[in-house]
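The lines below spell out each chain.
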Amino acid sequence: MTEFGFIEHIRTSFATLPDNGFEGIGDDCAVLPAGTDAEGREEVLLFTADLLTEGVHFLRRATPARELGRKALAVNLSDIAAMGGRPVATLLSIALPRDAAGTWAEEFMAGYRELSERYATALVGGDTTRSESGITINVTAIGRAPAAHVKRRSTARPGDVVFAAGELGASGAGLRDILAGRLDTPLAAAHRNPEPQVAEGLWLGAREEVHAMMDLSDGLASDLGHILERSAAGAEIDLERIPVAAGSDLRTAACGGEDYRLLFTAAADAAEELAAAFRARFGRPVYPIGRITAGRELVWMRDGRPEPLDWHGFTHY
Ligand code: ADP
Ligand code: MG
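Residues numbered from 1 in each chain as written. Chains lettered and ligands numbered in written order. Predicted model: local features only at pLDDT ≥ 70, side-chain atom pairs only at ≥ 80, totals over all residues. Heavy atoms only, no water.

S.K.: Please give an account of the site of ligand 1 that cites residues and values.
M.R.: Inspection of the region around ligand 1 gives Glu3, Phe4, Ile7, Ile10, Ile25, Gly26, Asp27, Asp28, Asp50, Asp79, Arg153 and Ser217 as its neighbouring residues. The backbone of Gly26 places a nitrogen or oxygen atom 2.8 Å from an oxygen atom of ligand 1. Relative to its unbound accessible area of 560 Å², ligand 1 is 67% covered by the protein chains. The element that contributes the greatest number of residues to the shell around ligand 1 is helix 1 (residues 3–14), accounting for 4 residues. Taken together, the residues of the shell around ligand 1 break down into 4 nonpolar, 2 polar and 6 charged. (Near = heavy atom within 4 Å. Polar contact = N/O pair within 3.5 Å; in protein donor to acceptor, adjacent residues only side chain to side chain. Areas by Shrake-Rupley, 256 points an atom, 1.4 Å probe, with all protein chains shown as cover. Helix = DSSP H or I, 4+ residues; strand = E, 2+ residues; numbered from the N terminus. Nonpolar A, V, L, I, M, F, W, Y, C, P; charged D, E, K, R; others polar.)

S.K.: Before we move on, could you go through the packing of helix 2 (residues 65–82) against helix 3 (residues 103–118) and cite the residues and values that matter?
M.R.: Put simply, helix 2 and helix 3 touch, their axes get as near as 6 Å, and they point 40 degrees apart. Judged on the interaxial angle alone, helix 3 and helix 2 are oblique. Where helix 2 crosses over helix 3, the handedness of that crossing is right-handed. For the pair formed by helix 2 and helix 3, the contact residues are Ala65, Arg66, Leu68, Gly69, Arg70, Ala72, Leu73, Ala74 and Leu77 on the first element and Trp104, Glu107, Phe108, Ala110, Gly111, Tyr112, Glu114, Leu115, Ser116 and Arg118 on the second. Class assignment for the residues of the contact of helix 2 with helix 3 results in 11 nonpolar, 3 polar and 5 charged. (Axes fitted to C-alpha atoms, helices over the stretch in contact; angles between N-to-C directions. Parallel < 35°, antiparallel > 145°, perpendicular 65-115°, else oblique. Left-handed = near helix turned anticlockwise from the far one by under 90°. Contact = heavy atoms within 4.5 Å.)

S.K.: Would you mind going over the pairing of strand 3 (residues 86–96) in detail, with residue names and values included?
M.R.: Sheet analysis places strand 3 next to strand 5 (residues 136–146), joined by 9 bridges and oriented antiparallel. If you follow Arg86 over to strand 5, its bridge partner there is Arg144. Inspection of the sheet shows strand 3 paired to strand 4 (residues 122–130) by 8 bridges, in the parallel sense. Its bridge partner being in strand 4, Ile94 is matched across the sheet by Thr128. Of the crossover connections in this fold, the one passing from strand 3 over helix 3 to the parallel strand 4 is right-handed. (Pairing = 2+ DSSP bridges. Right-handed = clockwise from strand over helix to strand, strands pointing away.)

Written out as structure tokens, the structure is:
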């Protein structure tokens, strides 16, 4: 079974159980209505969990513990940002083999604390255990958002412009460097140090013209597929407009994982003004890379014509 086949199996076999008010499996976070905030706005809580396993998600000899501590948190904050939320707290569960229980664990926590401080998130619980084989880390992050600001994968509309909120492919190229033993390149550093777009996600969440949003963890080819599937839509992506990070290449930008840039769709008539306002606010561009269609396929376009490419995303599974 593939990763997504397994998740789909879980989703359908648990669908008949009570949801207890949650919007459950299928988006970057589970969403729970949480009453009204001080200004009387409906609020929600957001929940997300991610797992990092030694040998699958990271190589210990190639990853300083402090950077891994930052990354374990960053990838979860990215999922909160992807829904338009503000991260507020995390739970950290960690299984440590004997040879990682001392300095390694301290350094890991120093990195985790650094990013917790930067984003003002509390560490409110978790679990610690010994491992017989390799390090395993699970982070659960909790966020909150005004209900009206929450952006889902399922709300893209035909005609929307598809945007990437940053350049793509640095992380995928960095992983190649790491696997080839080149640990000190800027791309390898980018792979180990993703920066979650928390401020950007909050800002985009507050914009009504932004319809669907998610974060790019498995690569554009795969992740845009999730928006299309959940929105029952298609897309045309212009290959020449995909923003390729310096030192990377087009295919890695389209298919490589772990860039953790936001991917969103916005109403076409507001797209230009939105892009200008984003640049004014953040001093960086968002990149229009194509549009949502009424079809059901992701179509790669070159110079306005479909280009048949068998490009897929990246999976650890
Ligand atoms: P992301 O890349 O944003 O973390 P995924 O593609 O990993 O999201 O997961 C897709 C959806 O499936 C999410 O809603 C996630 O919470 C859910 N999911 C993944 N694994 C499991 C699992 N083992 N049990 C229940 N839900 C899961
Ligand atoms: Mg995500």
